[in-house]
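Chain and residue survey
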Amino acid sequence: MELPPYYQRLSKKYPQVTTEEWQILDNLATIRYIRKGETFLRYGRVARYSAFVLSGQFKFSLLNDEGIEKIVKFSFTDDFLANCESFHKKAPSNVCITALEDSVILRINTKKLQPLYDQHRNLLHVNLQLYQELMEQQAEHQYILSLKSPIQRYRFLLEHRPAIVEKISLTNIARYLYISREAVSRARILLSGRKFCD
């Protein structure tokens, strides 16, 4: 049976996975439509599913001690949605994964995925690659937050993560950079070369 066209994109990102292995995954997966503002994973729920983003965008957010939302990660088309810590520890998720626009995902029951890693080393390799990407993204976010000024933080996004600047709202960029929306707006104006008055 011929696979849907989105597997061509996933195959480019994960070339080690064979057509047969994508077919196995497809048999486990279901297409889900998630509207803007709906959650893939809620705070306090144990993560049971993971998913590839077929279209749309998501934010991974948490609440600080004052109940203020902080964003720790964004996901776009062909990215992977999961909270591995919650799944493995069977612990309530401290992260909420929410659609930032109407989105389509390929959802997989993570428990059914686990046994495949022993039989299909390519899938295990993808799993390790996803973990590595997650660790790198967390390290990068910590580095961004270590930068002293809003301008330095915003400049880093411009230079290294232009998709965030192009696709994400100022409010959500501010929550990701842990600064005010006004600070992001001023940084954007300064870095675009325009003058402004405080």
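Just so you know, these numbers come straight off a predicted model, no measurement behind them.

Some points on the overall build of the chain
Of regular secondary structure, the chain possesses 10 helices and eight strands. Over its C-alpha trace the chain gives a radius of gyration of 18 Å, about what one expects of a compact globule, namely 16 Å for 198 residues. C-alpha atoms of the chain, sized along the principal axes, occupy 60 × 35 × 30 Å. Here the chain holds 198 residues, and the buried ones make up 43% of them. When the accessible surface of the chain is summed, it comes to about 11500 Å², and 51% of that surface belongs to carbon and sulfur atoms. Put simply, the chain has 29 plus and 21 minus side-chain charges, and the middle of one group is 4 Å from the middle of the other.

Considering the packing of aromatic side chains
Taken as a whole and assessed by the stated rule, the structure comprises seven aromatic pairs. On the numbers, 5.6 Å between centres and 55° between planes, the contact of Y7 with W22 is tilted. Here the residue Y7 occupies a position in helix 1 (residues 6-13), and W22 occupies one in helix 2 (residues 19-28), the gap between them amounting to 15 residues. Geometrically, the ring pair formed by Y14 and F52 is tilted, given 6.0 Å between the ring centres and 55° between the ring planes. Of this pair, Y14 sits in the loop between helix 1 and helix 2 while F52 sits in strand 3 (residues 49-55), and the two are 38 residues apart along the sequence. As far as burial versus exposure is concerned, Y14 and F52 are alike and both buried. Taken together, the ring pairs connect Y6, Y7, Y14, W22, F52 and F80 into an aromatic cluster. One cation-aromatic arrangement involves K73 over F60; the distance from NZ or CZ to the ring centre is 5.1 Å. R107 extends its terminal NZ or CZ atom over the ring of Y49, reaching a point 3.8 Å from the ring centre.

Overview of helix 10 (residues 181-191)
Along helix 10, the residues classified as buried are A183, V184 and A187. For helix 10, the angular spread of buried residues about the axis comes to 100°, placing them on one side. In the core, the buried residues of helix 10 are packed alongside helix 7 (150-160) and helix 9 (170-177).

Some remarks on helix 1
The complete set of buried residues in helix 1 reads Y6, Y7 and L10. Axial view of helix 1: buried residues confined to an arc of 95°, hence all on one face. Of the exposed residues in helix 1, those oriented more than 90 degrees away from the buried face are Q8 and K12. Looking at the packing, one finds that the buried side of helix 1 touches helix 2, strand 1 (29-34), strand 3 and strand 8 (103-109).

Side note on the confidence of the model for the chain
Averaged over all residues, the pLDDT of the chain is 91; the fraction at 70 or higher stands at 96%. Counting interchain partners and residues more than four positions distant, the pLDDT-below-50 stretch residues 194-198 has six contacts.

Quick notes on the pairing of strand 4 (residues 58-63)
One ladder, built from six bridges, connects strand 4 with strand 5 (residues 69-75); its direction is antiparallel. Bridge assignment links S61 to a residue of strand 5, and that residue is I71. Hairpin connection of strand 4 to strand 5: five residues between the antiparallel strands, including G67 at a positive phi of 80°. Sheet topology places strand 4 next to strand 7 (residues 96-99); four bridges connect them, and they run antiparallel. Bridge assignment links K59 to a residue of strand 7, and that residue is T98.

Reading the values: rules and limits
- Residues numbered from 1 in each chain as written.
- Predicted model: local features only at pLDDT ≥ 70, side-chain atom pairs only at ≥ 80, totals over all residues.
- Heavy atoms only, no water.
- Helix = DSSP H or I, 4+ residues; strand = E, 2+ residues; numbered from the N terminus.
- Rg over C-alpha atoms; globule rule 2.2 N^0.38 Å.
- Buried < 20%, exposed > 50% of the residue type's maximum accessible area, 1.4 Å probe, protein only.
- Areas by Shrake-Rupley, 256 points an atom, 1.4 Å probe, with all protein chains shown as cover.
- Lys, Arg positive; Asp, Glu negative; His and termini not counted.
- Charge placed at Lys NZ, Arg CZ, Asp CG, Glu CD.
- Phe/Tyr/Trp six-rings, centres within 6.5 Å; stacked < 30°, edge-to-face > 60°.
- Lys NZ or Arg CZ within 6 Å of the ring centre and 35° of its normal.
- Arc of directions from axis to C-beta.
- Contact = heavy atoms within 4.5 Å.
- pLDDT = per-residue confidence, 0-100.
- Pairing = 2+ DSSP bridges.

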